[in-house]
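Here are the chains, one letter per residue:
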Amino acid sequence: MIPSPKTENELLERAYSLAGYSLGELAAQHGLHCPADLRREKGWVGMLLETCLGATAGSKPEQDFQELGIELKSIPISHLGKPLETTFVCVAPLTGVQGLTWETSHIRNKLSKVLWIPVEGEREIPVCERRVGMPMLWQANEEEEAQLKADWEELMEFIVLGKVHEISAKHGEYLQLRPKAANSKVKTEAYGAKGQPIKTLPRGFYLRTQFTAKLLARHFMLPEEG
DNA sequence: ACATGATCATAA
DNA sequence: TTATGATCATGT
């Protein structure tokens, strides 16, 4: 077991040391089996990187490195360095949202500082051969913070008004709300339009690929279109 | 081609 | 049941 990093620099150095290795090599270093595909182990890459970096595995609703105030996220990228998938951030609160603000929200805490680790994600590359890229420690700049806050407020308004059923993934420019459950039959508590308790599909906040693409471009000086 | 809605594994 | 880790796979 890798001990948890005590400082930000220790975490960063460890993260940088992973760049260039394949997932198969990293898995072998930790005695882990590399799956042929991710259909039945969608979180495998993320879990592997947690192991490599000494994150305390678990399902606590906290940042991965709480003492450092840093959240770890793997991000699958194309050969051009663009994100191939949206990024799940956290489950959306559907009850007890009175008085909740962006500043005090769970999602903002998670996104306050993120260590992004790009990983080759093209499906034609066998999982074991996919390589880890250079990590990026990110904090939202003013513009990004404002964009996320605006989207969050738009989405939360549906929840507060009991209009969860009117939300679709099409809302929100950079942050979207989508199902987050084992399957579409799962139900959780929420509010109806008249304030009455209802049961609905659990939702999660996701960062659109357009947003994460901008982050990567800003950091790695990749060309942006438009 | 790509985003949306659906889904998979696991721990507490 | 809720949280964590996400990607799959179909419809548009």
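For the structure, check the block above.
Residues numbered from 1 in each chain as written. Chains lettered and ligands numbered in written order. Predicted model: local features only at pLDDT ≥ 70, side-chain atom pairs only at ≥ 80, totals over all residues. Heavy atoms only, no water.

Side note on empty space enclosed by the protein
Evaluation of the coordinates by the stated rule reveals 1 cavity of 30 Å³ or more. Surrounding the largest cavity, C90, V91, P93, L100, S105, H106, I107, W152 and F205 form its lining. Secondary structure elements with two or more residues in the lining of the largest cavity: β2 (87-91) and α4 (106-111). By residue class, the composition of the lining of the largest cavity is 7 nonpolar, 2 polar and no charged. (1 Å grid on protein atoms, 1.4 Å probe; cavity = no way out; pocket = protein on both sides within 12 Å on 5 of 7 lines; lining within 4 Å. Points joined across faces, edges and corners; volume = space filled by probe spheres on them. Helix = DSSP H or I, 4+ residues; strand = E, 2+ residues; numbered from the N terminus. Nonpolar A, V, L, I, M, F, W, Y, C, P; charged D, E, K, R; others polar.)

Quick notes on the protein's contact with DNA strand C
S74, K110, K180, T188 and Y206 are the nearest of the 27 residues found near DNA strand C. Backbone atoms, meaning sugar plus phosphate, form 64% of the atoms of DNA strand C positioned within 4 Å of the protein. Contact distances for DNA strand C include 3.0 Å between a phosphate oxygen and a side-chain N or O atom of D64. K180 places a side-chain nitrogen or oxygen 2.3 Å from a base oxygen of DNA strand C. For the surface near DNA strand C, the secondary structure elements donating two or more residues are α3 (44-53), β1 (71-77), β2 and α4. At 4 residues, β1 tops the list of elements feeding residues into the surface near DNA strand C. (Near = heavy atom within 4 Å. Polar contact = N/O pair within 3.5 Å; in protein donor to acceptor, adjacent residues only side chain to side chain.)

Here we look at the packing of aromatic side chains
Within this structure, the stated rule accounts for 5 aromatic pairs. Taken together, a centroid distance of 6.2 Å and an interplanar angle of 85 degrees make the contact between W138 and F211 edge-to-face. On the criterion of sequence distance, the pair formed by W138 in strand β4 (residues 136-138) and F211 in helix α6 (residues 209-220) is long-range, its members being 73 residues apart. As far as burial versus exposure is concerned, W138 and F211 are alike and both buried. Ring pairing ties together the aromatic residues W116, W138, Y174 and F211, which thus form one cluster. Across the ring face of F88, the terminal group of K180 is positioned such that the distance to the ring centre comes to 4.3 Å. (Phe/Tyr/Trp six-rings, centres within 6.5 Å; stacked < 30°, edge-to-face > 60°. Buried < 20%, exposed > 50% of the residue type's maximum accessible area, 1.4 Å probe, protein only. Lys NZ or Arg CZ within 6 Å of the ring centre and 35° of its normal.)

Focus: the nonpolar core
Judged by nonpolar contacts, the single largest core of 32 residues is most densely connected at I107, W138 and F205. The dominant element in this core, judged by the number of residues it contributes, is helix α5 (residues 142-160), at 6 residues. If you look at the next biggest cluster of nonpolar residues, it comprises 24 residues, including A27, L49, I70 and I117. (Core = buried A, V, L, I, M, F, W, Y, C linked by side-chain atoms within 4.5 Å.)

Some remarks on helix α1 (residues 8-18)
For the α-helix, the turn length of 3.6 residues means that residues three or four positions removed from each other point alike. Residues L11, L12, R14, A15 and L18 constitute the buried set of α1. Along α1, the residues classed as buried sweep out an arc of 165 degrees about the axis, all on the same side. Within α1, the exposed residues directed more than 90 degrees away from the buried face are N9 and E13. Looking at the buried residues of α1, the elements they touch are α2 (23-29), α3, β3 (114-120) and β4. Positive backbone phi, at 100 degrees, marks G20, one or two positions downstream of α1. (Arc of directions from axis to C-beta. Contact = heavy atoms within 4.5 Å.)

What to know about the protein's contact with DNA strand B
Within the structure, DNA strand B sits among 20 residues, and R40, K42, Q176, R178 and A181 are positioned closest to it. Each atom of DNA strand B within 4 Å of the protein was assigned to sugar, phosphate or base; sugar and phosphate come to 58%. Within the backbone of A169, one N or O atom sits 2.9 Å away from a phosphate oxygen of DNA strand B. The contact in question runs from a base nitrogen of DNA strand B to an N or O atom on the side chain of R178, over 2.8 Å.

None of this, on its own, says anything about what the molecule does.
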